[in-house]
Amino acid sequence: MDAKELILNYTPIALQNVAISIFNTRQYRTRHGGEYAKKRLYYKKYSMASREAIERESQRKLHNFLVHAQKNSTWYSCIAAEDLSEFPILEKSDILENLDVISTIKESEGVARLTGGTTGASMKVIYTHGDVQDRHAVLDYFRSTYGYELGKKVAWFTGKKFVREKDLLNGNVCRDDLINKIRFFSTFHINKKRFDSYWSELQKFEPEFVVGFPSSIYDLCHMALERGVSLQGIKVFFPTAETVLPHHRAVIERVLGCQIIDQYASSEGAPFILQCPHGSLHMHTLTGIFEVVDENMQPASEGELLVTAFATYGTPLIRYRIGDRVKLASSDYACPCGSSFPVAEAIYGRSSDFILSPENGRVRNLSVCTKGVLGIISFQVVQYDTSSIEINMIAGAEFSQAQKKRFLNNISQRVGSSLVINLKMVENIPREKSGKYRIVKNMIPQEVVDKCGYL
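This is a predicted model, so every value here is computed, not measured.

## Points about the overall build of the chain
Line of reasoning, step 1. Looking only at helices and strands, one finds 13 helices and 21 strands in the chain.
Line of reasoning, step 2. Rg of the C-alpha trace for the chain: 23 Å, near the compact-globule value of 23 Å for 455 residues, within the 12% margin.
Line of reasoning, step 3. Judged by the C-alpha coordinates and their principal axes, the chain covers about 60 × 60 × 50 Å.
Line of reasoning, step 4. Residues classed as buried in the chain amount to 54% of the 455 residues present.
Line of reasoning, step 5. Restricting the contact set of the chain to residue pairs at least 6 apart, pairs at least 24 apart contribute 67%.
Line of reasoning, step 6. With the model as given, the accessible surface of the chain reaches about 21,800 Å², and the carbon-plus-sulfur share is 50%.
Line of reasoning, step 7. Once the 56 positive and 50 negative side-chain charges of the chain are each reduced to a mean point, those two points are 5 Å apart.

Right, dumping it as structure tokens:
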């Protein structure tokens, strides 16, 4: 058991808060040191640059990044290519099995980061200190355009486990960074039984900003809506790690009375997609290259995402198959905000989150099945074989037999009539080990998926 576990398991909450405050402050000094200030000015400078200037700078950064990888990574040293399209696609399994030959530095020389492992094993990457400073510079500049700066009060809903069972008995569901004014809330214990504890701590803290998983904030806000309570004073909610769904947005905005400003990135270092005040999702091509491909790995306007991330000098991600899907806006779309960065019309989340239908192939975006249906709080679709699906649902008082019929009809239209649909009402839908929530969980073995002739 390391020092961190000892503190979290055996020390009083007050001492834990002191330890968290000291640890975070040291982390922020590392993140905001070195090239951070210079990089933040750089991203500000290019925020409203012309499309031509952004393209030139993006290509310059791409060239430097590829040369660095070929010179310093054993994995890429044998690739005699100048054009990005000539590089092989990098799979998650490649990183899991070959981190030591892909990385350009040792773990002791950089900063190790673990992914959440939502779709399988957790994966480690190694950042250089410059990578860390670069990523925080672009993210902090983005958030600053909505009023956020370090030191303003933030309620952070995190997937880290720090609340003990004995703490829950006393209504303790959070920890505080006293120096940087951040209150961390556990996402693993949000339910009706503990609503009062969460809501009370949130009210007492009076945050200006909220950061965290949208499904967790939604669950809390839906309970608040049922009780007829709301919060005042929150300016912006910055979602992380999950796709923001329409029903999330409607309930959260109503209860918290704030803007929801979305962003896309990843723990392993994907380039950023950032939402502007007009709602457009801008693909920040100075943080990396986005390739959208179809199932044959050919360029497409909608499909799977391959990323080449410029702030991954420690573990170069080149044409990395990150597992998410994107739909591009028209190439001639001009956002009213004035930004020249290209726009993604939609981010659909993990490419593995689909239902396999004998009639319709891979069916995604099942959240649209709630349209026009009253009383659904949340649901999750799980598929174990190609003959049926299981739907676990948390429903409210408005979910009548008529609403049930409408929902099942919507589902059937999407997945086809040949799949048996088993709907089960539940009190709780478990989250992943990372604390994230998945609407669709495809549990069919990959070898079975690959053999299906109806894809």
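## Notes on unusual backbone geometry
Line of reasoning, step 1. Although it is not a glycine, Lys-181 sits at a positive phi angle of roughly 60°.
Line of reasoning, step 2. Position of Lys-181 relative to the elements: it lies in the loop between β4 (174-177) and β5 (182-186).
Line of reasoning, step 3. Take Lys-181: its relative accessible area is 43%, and that puts it in the partly exposed class.
Line of reasoning, step 4. Positive phi, normally seen in glycine, also occurs at Met-297, with a value near 65°.
Line of reasoning, step 5. Here Met-297 lies in the loop between β12 (288-293) and β13 (302-309).

## Observations regarding the nonpolar core
Line of reasoning, step 1. Counting 62 residues, the largest nonpolar core has Phe-157, Phe-238 and Leu-256 as the members making the most contacts within it.
Line of reasoning, step 2. Top contributing element to this core by residue count: helix α10 (residues 214-227), with six residues.
Line of reasoning, step 3. Contact partners of Phe-157, with chain neighbours within four places excluded, come to Phe-185, Thr-187, Ile-190, Tyr-198, Leu-202, Val-210, Val-211, Gly-212, Phe-213, Ile-217 and Leu-220.
Line of reasoning, step 4. Counting residues in each nonpolar core, the second largest holds 37 residues, with Ala-270, Val-307, Ala-309 and Tyr-320 among its members.

## Re a nonpolar patch on the surface
Line of reasoning, step 1. On the surface, Leu-15, Val-18, Ile-22 and Leu-178 cluster together to form a nonpolar patch covering roughly 350 Å² of accessible area.
Line of reasoning, step 2. Within the secondary structure layout, Leu-15 lies in helix α2 (residues 13-31).
Line of reasoning, step 3. Exposure remark for Leu-15: the relative accessible area of 46% places this residue in the partly exposed category.

## Section: the sheet that holds strand β18 (residues 376-385)
Line of reasoning, step 1. The sheet built from four strands is open, its strands ordered β20-β19-β18-β21 with mixed pairing. Every interior strand has two partners, whereas the edge strands, β20 (420-425) and β21 (440-442), have only one. Averaged over all neighbouring strand pairs, the angle between strand axes comes to 15°, with direction disregarded.
Line of reasoning, step 2. As judged from the three bridges shared by β18 and β21, these two strands associate in the parallel manner. When the bridges of β21 are listed, Val-381 appears paired with Val-440.
Line of reasoning, step 3. Packing against the sheet, helix α12 (residues 401-415) makes contact with β18, β19 (388-395) and β20, and its axis sits at approximately 145° to β20.

## Let's talk about the sheet that holds β4
Line of reasoning, step 1. Ordered by their spatial adjacency, six strands build an open sheet running β4-β5-β3-β6-β7-β8, and the pairing between neighbours is mixed. Edge positions in the sheet fall to β4 and β8 (259-260), since each of these pairs with one other strand and no more.
Line of reasoning, step 2. With five bridges connecting them, strand β3 (residues 154-158) and β5 associate as parallel partners. By the bridge assignment, Val-154 is partnered in β5 with Ile-182.

## Some words on the packing of helix α3 (residues 36-45) against helix α7 (residues 129-144)
Line of reasoning, step 1. With their axes 8 Å apart at the nearest point, α3 and α7 run at an angle of 50° to one another. Here α3 lies oblique to α7, going by the angle between them. Where α3 crosses over α7, the handedness of that crossing is right-handed. On α7, the residues touching Tyr-36, Lys-39, Arg-40, Tyr-43 and Lys-44 of α3 are Gln-133, Asp-134, His-136, Ala-137, Val-138, Asp-140, Tyr-141 and Ser-144.

## With respect to the pairing of β3
Line of reasoning, step 1. For β3, the tally of buried residues reaches four of five residues, placing the bulk of the element in the interior.
Line of reasoning, step 2. Bridging between β3 and strand β6 (residues 209-212) involves four bridges; their strand directions are parallel. Residue pairing across strands places Trp-156 opposite Val-211, the latter belonging to β6.

## Examining the environment of Ala-53
Line of reasoning, step 1. Within the secondary structure, Ala-53 is located in helix α4 (residues 51-72).
Line of reasoning, step 2. Classification of Ala-53 as buried rests on a relative accessible area of 18%.
Line of reasoning, step 3. Through-space distance from the C-alpha of Ala-53 to that of Ser-340 is 9.5 Å; in sequence the pair is 287 residues apart.

## Concerning the side chain of Thr-11
Line of reasoning, step 1. Relative to the helices and strands, Thr-11 resides in the loop between α1 (3-10) and α2.
Line of reasoning, step 2. Setting aside residues up to four positions removed in sequence, Thr-11 forms contacts with Leu-6, Gln-16 and Arg-164.

## Remarks on the pairing of β4
A regular strand places its side chains so that they alternate between the two faces of the sheet.
Line of reasoning, step 1. Neither face of β4 is left uncovered, since the one carrying Cys-174 and Asp-176 and the one carrying Arg-175 and Asp-177 both have all their residues buried.
Line of reasoning, step 2. Bridge count between β4 and β5: four bridges; the pairing is antiparallel. Within β5, the position partnered with Cys-174 by the bridge is Phe-185.
Line of reasoning, step 3. Hairpin connection between β4 and β5: a loop of four residues separates the two successive antiparallel strands, and Lys-181 in this loop has a positive phi of roughly 60°.

Calculation rules
- Residues numbered from 1 in each chain as written.
- Predicted model: local features only at pLDDT ≥ 70, side-chain atom pairs only at ≥ 80, totals over all residues.
- Heavy atoms only, no water.
- Helix = DSSP H or I, 4+ residues; strand = E, 2+ residues; numbered from the N terminus.
- Rg over C-alpha atoms; globule rule 2.2 N^0.38 Å.
- Buried < 20%, exposed > 50% of the residue type's maximum accessible area, 1.4 Å probe, protein only.
- Contact = heavy atoms within 4.5 Å.
- Areas by Shrake-Rupley, 256 points an atom, 1.4 Å probe, with all protein chains shown as cover.
- Lys, Arg positive; Asp, Glu negative; His and termini not counted.
- Charge placed at Lys NZ, Arg CZ, Asp CG, Glu CD.
- Core = buried A, V, L, I, M, F, W, Y, C linked by side-chain atoms within 4.5 Å.
- Patch = residues over 30% accessible without salt bridge, like charges linked within 9 Å, V, L, I, M, F, W, Y side chains within 5 Å.
- Salt bridge = Lys/Arg side-chain N within 4 Å of Asp/Glu carboxyl O.
- Pairing = 2+ DSSP bridges.
- Axes fitted to C-alpha atoms, helices over the stretch in contact; angles between N-to-C directions.
- Parallel < 35°, antiparallel > 145°, perpendicular 65-115°, else oblique.
- Left-handed = near helix turned anticlockwise from the far one by under 90°.

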